[in-house]
Amino acid sequence: GSITVLSGCMPNVIGFYDRKWVSPNLYTFIEAPAGSGKGVLSWTRLIGMEIHKMLLEETRLAKQAFEELKKEKIKNKDQDLAQLKEPPYKLLFIPANNSASSVVQTLSENDGAGILFSTEADTLANALAQDWGNFSDVLRCAFHHETVEIQRKTNKEYISLEAPKLTVFLTGTQGQLKRLIPDAENGLFSRFMYYSMKSVPKFRDVFERRGTIPGQEFMLLGQQIFILHELLNRLGTAVECT
């Protein structure tokens, strides 16, 4: 789980594979029976949380500056008011309960990158089952960094994603997995790597304290990854890995 989240936190890192340049982004599904303790995987989200919070803060400040500029132009009756564009909504973690157009829009505003993270695979399965949320084709194309295009009737808007870098991390039961990917013929099947946890029922003391703050190790790791993320961003050029 940690490796998957990390794969979505490394901008400007590429490798040569199958005669093309690829990014390290992974698609992972961890399957386990109900009550097996897979909920601990939710802590892995903390690895990218510092990056996520930084991007949200950038969005808040940009939005605030936009609103102030907009009020000023309205007050001065500027003619170019209609040309003002709202700042992009920056984030790292993309909600799984989403529409196809929203996912593409979110990726577009985040330079084609993001992590679709859900500890309940049903959330994504339910979204893909809806006409408005069927972005299975987006997931399949993004895995290979292939161009994703979408056109909206509203405002005649056209969005094109060149080489998207999407990471997907899901956990769920075997039943949830079958709902999301019914069979091996489904295009998503070959994109994911799978880990199946076998559970042996036993008593677990939920009041036990082990001397650490819950998620502390992941929070500390998240701070280190935030520094690495900023360093990679400042490089400007891609880091080639072999």
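The structure contained in this document is the topic of the report that follows. Note on numbering: residues in each chain are counted from 1, in written sequence order. Given that the model is predicted, a residue must reach a pLDDT of at least 70 before its local features are reported, and side-chain atom pairs must reach 80 or more before they are shown or counted; all residues, however, enter totals for whole chains, interfaces and linings. Side-chain numbers here rest on the full set of heavy atoms in the structure, without hydrogens or water.

### Focus on unusual backbone geometry
Part 1: Although it is not a glycine, Asn 12 sits at a positive phi angle of roughly 65°.
Part 2: Positionally, Asn 12 belongs in the loop between α1 (2-7) and β1 (13-17).
Part 3: Unlike most non-glycine residues, Asp 111 shows phi in positive territory, near 55°.
Part 4: Structurally, Asp 111 can be placed in the loop between α3 (100-109) and β5 (113-118). Only DSSP runs of H or I covering at least 4 residues are called helices, and only runs of E covering at least 2 are called strands; the numbering of each starts at the N terminus.

### Points about the environment of Thr 237
Part 1: Its location among the elements puts Thr 237 in the loop between α7 (216-235) and β10 (239-241).
Part 2: Counting along the chain gives 170 residues from Thr 237 to Glu 67, while the straight-line C-alpha distance between them is 34 Å.

### Section: the nonpolar core
Part 1: Formed by 31 residues in total, the largest nonpolar core has its most connected members in Leu 116, Leu 124, Phe 135, Leu 139 and Leu 166.
Part 2: Mapped by element, the contributors of at least two residues to this core are β3 (27-31), α3, α4 (121-128), α5 (136-143), β6 (148-151), β7 (158-161), β8 (165-172) and α6 (174-180).
Part 3: Looking at this core, the element that brings in the most residues is α4, giving five residues. Within this scheme, the nonpolar core is defined by two criteria: the residues are buried Ala, Val, Leu, Ile, Met, Phe, Trp, Tyr or Cys, and they are joined through side-chain atoms within 4.5 Å. Exposure is judged per residue with a 1.4 Å probe applied to protein chains only, and the accessible area is read against the type maximum: over 50% gives exposed, under 20% gives buried, and values in between give partly exposed.

### Brief notes about the sheet that holds β1
Part 1: Judged by pairing direction, the sheet is mixed, and its three strands sit side by side in the order β2-β1-β10 without closing on themselves. The outermost strands of the open sheet, each flanked by one partner alone, are β2 (20-22) and β10. Neighbour to neighbour, the strand axes of the sheet diverge by 40° on average, direction disregarded.
Part 2: Strand pairing follows a simple DSSP-based rule, namely that at least 2 bridges must link the two strands. Direction of pairing for β1 relative to β10: parallel, over a ladder of three bridges. Its bridge partner being in β10, Ile 14 is matched across the sheet by Glu 240. Helix axes are fitted only over the stretch in contact, all axes being lines through C-alpha atoms; the angle between N-to-C directions runs from 0 to 180 degrees.

### Quick notes on a nonpolar patch on the surface
Part 1: Nonpolar side chains (Val, Leu, Ile, Met, Phe, Trp, Tyr) are joined into patches within 5 Å and like charges within 9 Å, using only residues with over 30% relative accessible area and no salt bridge. In these tables, accessible area is a Shrake-Rupley quantity obtained with a 1.4 Å probe, and a residue counts as shielded only by the protein chains included in the view. Take a side-chain nitrogen of Lys or Arg and a carboxyl oxygen of Asp or Glu: if they are within 4 Å of each other, that pair is a salt bridge. A cluster of nonpolar side chains, contributed by Leu 228, Leu 231 and Leu 235, occupies part of the molecular surface with about 240 Å² of accessible area.
Part 2: Among the secondary structure elements, Leu 231 is positioned in helix α7.

### A short note on the side chain of Thr 167
Part 1: Mapped onto the fold, Thr 167 is located in strand β8.
Part 2: With a relative accessible area of 0%, Thr 167 lands in the buried category.

### As for the packing of helix α2 (residues 49-76) against α7
Each pair of packed helices gets described by two things: the angle between the helix axes and the distance between those axes.
Part 1: Relative to each other, α2 and α7 sit at 55°, their axes nearing to 7 Å. The angle between α2 and α7 falls in the class oblique. Within the contact between the two elements, α2 uses Glu 50, Ile 51 and Met 54 and α7 uses Gly 222, Gln 223, Ile 225, Phe 226, His 229 and Glu 230.
Part 2: Grouping the constituent residues of the contact of α2 with α7 by class yields four nonpolar, three polar and two charged. With respect to orientation, any angle under 35 degrees is reported as roughly parallel, any angle over 145 as roughly antiparallel, any angle of 65 to 115 as roughly perpendicular, and every other angle as oblique. In what follows, residue pairs with any heavy atoms lying within 4.5 Å of each other are defined as contacts. Three classes are used, and their members are as follows: Ala, Val, Leu, Ile, Met, Phe, Trp, Tyr, Cys and Pro are nonpolar, Asp, Glu, Lys and Arg are charged, and the others, Gly among them, are polar.

### What to know about the pattern of salt bridges
As a working rule, side chains carrying opposite charge can pair if their charged atoms are close by.
Part 1: Within the structure shown, the criterion is met by six salt bridges.
Part 2: Ionic pairing is found between Glu 57 and Arg 60, a salt bridge with its closest N-O pair at 2.7 Å. Here the residue Glu 57 and the residue Arg 60 both occupy positions in helix α2, the gap between them amounting to three residues, near one helical turn.
Part 3: Residue class for Glu 57 comes out partly exposed when judged on its relative accessible area of 35%.
Part 4: Judged by its relative accessible area of 43%, Arg 60 is partly exposed.
Part 5: The salt bridge involving Lys 63 is made with Glu 86; its shortest N-O contact spans 2.8 Å. Of this pair, Lys 63 sits in helix α2 while Glu 86 sits in the loop between α2 and β4 (93-94), and the two are 23 residues apart along the sequence.
Part 6: Taken together, the shared-partner salt bridges connect Lys 63, Glu 67 and Glu 86 into one network.

Everything listed is a geometric property; what it means functionally is a separate question.
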